[in-house]
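# Coordinates in review
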There are 2 protein chains.
Amino acid sequence: MTATPPLIDALQYCNWSERIFREIAAGGVSALHVTICYHETFRETVLNIERWNRWFERFPELIMPARTGDDVRRAQAEKRCAIIFGAQNCSVIEDDIGLVEIAHTLGLRFMQLSYNNQSLLCTGCYEAEDSGLTRMGREVIREMNRVGLVIDMSHSAERSTLEAIAASERPIAITHANPKSWHPALRNKSDTVLKELAAAGGMLGLSLYPHHLRGGSDCTLEDFCAMAARTAELIGVDHLGIGSDLCQDQPDSVVEWMRTGRWTKETDFGEGSKERPGFPPQPSWFKDNCDHANIAGGLSRAGFTNDEVARVMGGNWLAFFDNSFGKISDG
Amino acid sequence: MTATPPLIDALQYCNWSERIFREIAAGGVSALHVTICYHETFRETVLNIERWNRWFERFPELIMPARTGDDVRRAQAEKRCAIIFGAQNCSVIEDDIGLVEIAHTLGLRFMQLSYNNQSLLCTGCYEAEDSGLTRMGREVIREMNRVGLVIDMSHSAERSTLEAIAASERPIAITHANPKSWHPALRNKSDTVLKELAAAGGMLGLSLYPHHLRGGSDCTLEDFCAMAARTAELIGVDHLGIGSDLCQDQPDSVVEWMRTGRWTKETDFGEGSKERPGFPPQPSWFKDNCDHANIAGGLSRAGFTNDEVARVMGGNWLAFFDNSFGKISDG
C-alpha cells in the first residue's frame, strides 16, 4: 500500500462528462468502480465499453482504464482516476459461462449475480421467493473465482447472498448498501449477511443513495457516520469502504431503465413511488466527487482514527483489489 | 531477439486438437497466428475466442495466449506455442469502428480488410471491380494503426492493397500468399504489391496452401525454396516469413464456409473447382507442424545463410510483432 491510501469509491453511475471528470480530479478520487451494465446484453455492454474507450482517448490526463490494484496506485501517483468496470447484473454474460473470462479480459472486475429480479444465477432482493443459487449460479461463481471477477451481491436477496458467500472460494463484495438495522430498505443488508460477508474476508461499500439512508435525502452526515462506526464494530473496520451509488446528472429515464429494463411493459417504481418516481435529491453533504472530504471529516468526528478513515476511504478497497482482480496463482 | 529466433508460422487454421498441439510442440513451433474469423460477427468471433480459452485452460503446458513479441519469447523459453489471434475478414468489427480496440483488447493482432469479396473496408481479390479503400476503410486503418492491430491484405485486391499500404502509417502484412510471377493464382501478389509492401516495412508470409503453389499439391520443396530465394532478392530477406495457411484435419465443410459464408445460396468453388471442391492435399514435404524443418533445410540448400533461414523461419516475424502489436508510444 502506498504511504497515503488512495481515495476509492466502489460504485458510481454518473452521466459522465468532462465536468464530472474534472470534479473527480478536484476531489482527489483515485479510483472509481463504474457500472457498465444493468440489463444490457454482452454486445450492448461492449458498446458501453466502447464509449469509455472514447473517453479514455479524449481525457487521458483525467482518467485511465484499470485492471489491477497497481493501476490504481499509478493513477494516484499521476493524479488521475482509475476506472474499474462493473456490471450490476449478469445479463452481460447472457447464458454463456465463457463470457465470464471474455468480460474479465475486457476489464470487468465486479459482477452482481442478480439485479432486483430473479436472474439465471440467483434471486434479486425484490422477488417474493428467494430460491438461492441456481445450477448455473454455482458454475459461474467458480469461473469468476478462477479468473478474478468479484462477486457483488448488492441487489441480491438474503438467502442467495448467504449461499454466494459460502460457495465462493474468494471473498466477495457488497459494493453499495447499508445495514438494514439502521434503515430497513429492501436493498439494505441484515446483520447476518454483513457478519458472514466479513467473516469470509469480504467488503461492504457504504451507500450514499438516499433510498438507502435513514431519513432519505435529509439524512445527516452525523447519523451516516455514526452508522459507519456501529458497522465497523459489527464487522471490523477492515471490511468497510465507500460505494456511494452516486448517479450525478442522470435524467430520470435512467432510473426507469434501471428498474424496468425490458422485463415489464408496466412502470416499476423500485425504491421510489408513484409520487416520487425519479432520482431522489442527494444529501447536501454528498452531491458530487468533491464531497468525499465531508465523509472523511464525519468519520473522524465519529471516532475513527486517521488510519481508519484512510482505510475506509480507500485503503481497504485497494487491498481487496490486490487480492481479487487476478488469478489466484498470479498473487 | 533471442539467441536462436523462434519458429513462427503466421497463418494456420487447423482443426485444433490435442494431437495437433502435441505436433506443434514436437515441431518446435513457438508462435502461430491462428484464424478466429472468416465471416463471423463480433459475437460469433467471441465464441471462437471462448473455444480457445478452453484449450488454453486444458493444455497450459502446450499453448498460451500471446499479445506481444515478448509473449512469443516466453513461449519459446517454456517450449510452448504462443497463439496469436487474427481475422481473415473485417466481419468481426461489423459496422462499428469501436470494435477495433475491443477486438485488440481480446487479443486480435491481425485483421484482413477484406476476404475474397467486397467488404465495408475494401475490395477482395475475387471481385471483378476493385474500387480501393472505402471511407470506413480509411478510418479503420487509422484506428488499427492507433491500437496496434496489423492490417493484413492477403485476400484483398491489387488496388485496395496498394492503397492500404499507402494509407497505413505503420507497416502492414500479407500473412499468406506467394508471388503471382511464380504462380498466377488470384490470391498471389504482383511484384508491384510485394515491392511496395516491403518498401513500407511490411512482411510477406509465404504460403504452403496447394492452390498458391506452382504445381499445386505436386509442387516440389526445391521449386518452393527457389521461389523464396527470388522473392528475397526482389523485396529483401528481412521482409520474408512463413504463413503456411495449413488447414490440417479440416473437413471440406470448412472450406465451403470459407468460400461461401452466408453471402450466397449457391456453391462458390473459390480456388477449387466443381471436380475438386474440397481441400487439396498438402505437398508431401509440408503436411503438419513437424515439417517446418523441411522448409528450413530447403532454404539452406537454396542458398540462404543460416542466419537468413532463422530470420525467414521466425526472426523476421518476431521483429515485426515487436513493432506492430502495441501503441506506437508503447515501444
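Preceding block: the structure.
Summarised in this report is the structure supplied together with it. (Residues numbered from 1 in each chain as written. Chains lettered and ligands numbered in written order. Predicted model: local features only at pLDDT ≥ 70, side-chain atom pairs only at ≥ 80, totals over all residues.)

### Focus: the packing of helix α2 (residues 42-58) of chain A against helix α4 (residues 98-105) of chain B
Spelled out, the test is: The axes used here are C-alpha line fits, helices contributing only the stretch in contact, and every angle between their N-to-C directions lies in the interval 0 to 180 degrees. In this text, helices come from DSSP runs of H or I with a minimum length of four residues, and strands from runs of E with a minimum of two, each type numbered from the N-terminal end. Our angle categories are set so that under 35 degrees counts as roughly parallel, over 145 as roughly antiparallel, 65 to 115 as roughly perpendicular, and the remainder as oblique. Contacts here follow a simple rule: the backbone-placed C-beta atoms of the two residues must lie within 7 Å. Polarity classes work like this: nonpolar for Ala, Val, Leu, Ile, Met, Phe, Trp, Tyr, Cys and Pro, charged for Asp, Glu, Lys and Arg, and polar for all others, with Gly in that last group.
Their axes nearest at 9 Å, the elements α2(A) and α4(B) cross at an angle of 100°. Taken as axis vectors, α2(A) and α4(B) run roughly perpendicular relative to one another. Of the residues in α4(B), those in contact with V46(A), I49(A), E50(A) and N53(A) of α2(A) are G98(B), E101(B) and I102(B). Of the residues assigned to the contact of α2(A) with α4(B), the class counts are three nonpolar, two polar and two charged.

### Considerations on unusual backbone geometry
Residue and element names in this part refer to chain B. A positive phi is found at K79, a non-glycine position, where the angle reads about 55°. By secondary structure assignment, the location of K79 is in the loop between α3 (69-77) and β4 (81-87). With a phi close to 65°, D245 is a non-glycine residue in the positive phi region. Looking at where D245 falls in the secondary structure, it is placed in the loop between β9 (240-242) and α9 (252-260).

### Remarks on the interface of chain A and chain B
Contacts between chain A and chain B engage eleven residues on the former and eleven residues on the latter. Counting residues per element, the ones that place at least two in the side of chain A that touches chain B are α2 and α4 (98-105) of chain A. The element best represented in the side of chain A that touches chain B is α2(A), accounting for six residues. When the residues that make up the side of chain A that touches chain B are grouped by side-chain class, the tally is five nonpolar, three polar and three charged.

### Side note on the relation of the copies chain A and chain B
Note the following rule: Fitting of the copies onto one another was done by least squares over C-alpha atoms, counting residues only where both copies have pLDDT of at least 70.
Its rotation angle being 180°, the transformation that places chain A on chain B also includes 0.0 Å of axial translation and leaves an RMSD of 0.0 Å. Viewed as a symmetry operation, the transformation between the two copies matches a two-fold axis. Comparing interface residues between copies, 100% of those in chain A also sit at the interface in chain B, which points to an isologous, same-surface contact.

### Concerning the pairing of strand β1 (residues 7-12) of chain A
Residue and element names in this part refer to chain A. Inclusion rule: Exposed residues have 12 or fewer other C-beta atoms within 10 Å of their own C-beta, buried residues have 20 or more, and residues in between are partly exposed; the C-beta atoms are placed from the backbone. At least two bridges found by DSSP between two strands are what make those strands a pair. A right-handed crossover is one whose linking path, passing over the helix from the first strand to the second, runs clockwise when the strands point away from the viewer.
Counting buried residues along β1, six of its six residues qualify, which places the element largely inside the surrounding structure. Looking at chain direction, β1 and strand β2 (residues 29-37) are connected through four bridges and run parallel. When the sheet's bridge partners are listed, D9 is paired in β2 with L32. For the handedness criterion, the β-α-β arrangement of β1, helix α1 (residues 18-26) and β2 is classed as right-handed.

### Here we look at the environment of G124(B)
Secondary-structure assignment places G124(B) in the loop between β5 (108-112) and α5 (135-147). Setting aside residues up to four positions removed in sequence, G124(B) forms contacts with S114(B), Y115(B), N116(B), N117(B), Q118(B), S119(B), H155(B), S156(B) and A157(B).

### Overview of the environment of K189(B)
All names here are of chain B. The residue K189 is located in the loop between β7 (173-174) and α7 (191-199) in this model. Residues K189 and L299, 110 residues apart in the sequence, show an inter-C-alpha distance of 21 Å. If we skip the residues at most four places from it in the chain, K189 touches I174, A177, P179, K180 and L194.

### Looking at the packing of α4(A) against helix α5 (residues 135-147) of chain A
Residue and element names in this part refer to chain A. Our working definition: By definition, any crossing whose near helix is turned counterclockwise from its far helix by less than a right angle is left-handed, and any crossing with a clockwise turn is right-handed.
At a closest axis distance of 9 Å, the pairing of α4 and α5 adopts a crossing angle of 30°. The pairing of α4 with α5 is recorded here as roughly parallel in orientation. Relative to α5, α4 is oriented so that their crossing is right-handed. Together, V100, E101 and H104 of α4 and V140, E143, M144 and V147 of α5 make up the contact between the two elements.

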